Amino acid sequence: MSRRAKKGTPASAAARPTVTVCRGCCCGTPAKVPHLDHEAQLTDLRTRLAGVAMVRRTDCLDACERANVIVIQPSAEGRKAGGRPVWLGQVNDSDAAADITTWVENGGPGLAEAPGILDLYAFTPSRRVRQELED
């Protein structure tokens with residue numbers, strides 16, 4: 001998300017973290033991750049984070065080797081407090097998704113400490129990929 005709210009985006013949406021869930025060519029497909037109900041994972045995130053964060057689905061975050069990828073972007077307040085987007089890969093079980101949900105409910109990047117277990121999922125994508133998501 002850019003530093004300012006996009007046209008047509010309610011101001012309250014900019015005040016919330018954004019959870020971007022990759023569901024493109026690799027992430028979200030049984031061919032790559034056969035044991036996960038991908039739609040149920042996305043539905044659960046949307047249900048649990050309703051009113052707390054904006055949850056959006058995207059076609060591809062270009063980190064296919066780390067399927068399933070979820071990016072947590074800080075709220076405006078979180079960014080002011082030093083929070084930056086956190087990229088998580090191989091989010092392929094309900095426990096990991098629950099840890100993400102709890103963290104975002106508590107404020108997300110910049111406002112709440114991420115559960116330590118999420119360090120196992122965190123990675124740094126290429127600069128080009130990060131810029132594309134933020135644009």
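Up top you'll find the structure we're talking about.
Now for a description of the structure that goes with this document. (Residues numbered from 1 in each chain as written. Predicted model: local features only at pLDDT ≥ 70, side-chain atom pairs only at ≥ 80, totals over all residues. Heavy atoms only, no water.)

### Thoughts on the overall build of the protein
Counting its secondary structure elements, the protein contains 5 helices and 5 strands. Long-range contacts, defined here as pairs at least 24 residues apart, represent 70% of the contacts in the protein between residues at least 6 apart. Surface accessibility of the protein: about 7,300 Å² in total, with carbon and sulfur atoms responsible for 49%. (Helix = DSSP H or I, 4+ residues; strand = E, 2+ residues; numbered from the N terminus. Contact = heavy atoms within 4.5 Å. Areas by Shrake-Rupley, 256 points an atom, 1.4 Å probe, with all protein chains shown as cover.)

### Focus on unusual backbone geometry
The omega angle of the peptide bond from alanine 67 to asparagine 68 is 0 degrees, so this bond is cis rather than trans. Relative to the assigned elements, asparagine 68 resides in the loop between strand S2 (54-58) and strand S3 (70-73). In this model, aspartate 62 sits at a positive phi of 60 degrees, which is unusual for a non-glycine residue. Structurally, the position occupied by aspartate 62 is in the loop between S2 and S3. Note on aspartate 62: relative accessible area 39%, which makes it partly exposed. Phi at glutamine 90 takes a positive value of approximately 60 degrees, unusual for a residue other than glycine. Along the chain, the position of glutamine 90 falls in the loop between strand S4 (86-88) and helix H4 (94-105). (Buried < 20%, exposed > 50% of the residue type's maximum accessible area, 1.4 Å probe, protein only.)

### Looking at the packing of aromatic side chains
A complete count under the given rule lists 1 aromatic pair for this structure. When the ring of tryptophan 87 is compared with that of phenylalanine 123, the centres are 5.9 Å apart and the planes differ by 70 degrees; the resulting orientation is edge-to-face. Of this pair, tryptophan 87 sits in strand S4 while phenylalanine 123 sits in strand S5 (residues 122-123), and the two are 36 residues apart along the sequence. As far as burial versus exposure is concerned, tryptophan 87 and phenylalanine 123 are alike and both buried. (Phe/Tyr/Trp six-rings, centres within 6.5 Å; stacked < 30°, edge-to-face > 60°.)

### Thoughts on H4
Taking 1.5 Å of rise per residue, the 12 residues of H4 would be expected to cover 16 Å, and the 16 Å separating its terminal C-alpha atoms lies within 8% of that figure. Along H4, the residues classified as buried are Ala96, Ala97, Ile100, Thr101, Trp103 and Val104. Down the axis of H4, the sector holding all buried residues measures 165 degrees, keeping them to one side. Facing away from the buried side of H4, by more than 90 degrees, are the exposed residues Ser94 and Asp95. As for H4, its buried residues are in contact with strand S1 (18-22), helix H2 (38-48), S3 and S4. Where H4 begins, the capping side chain belongs to aspartate 93, and its oxygen is found 3.0 Å from the backbone nitrogen of aspartate 95. Just downstream of H4, glycine 107 is the residue with a positive phi angle, here 130 degrees. (Expected span 1.5 Å × (residues − 1). Arc of directions from axis to C-beta. Polar contact = N/O pair within 3.5 Å; in protein donor to acceptor, adjacent residues only side chain to side chain.)

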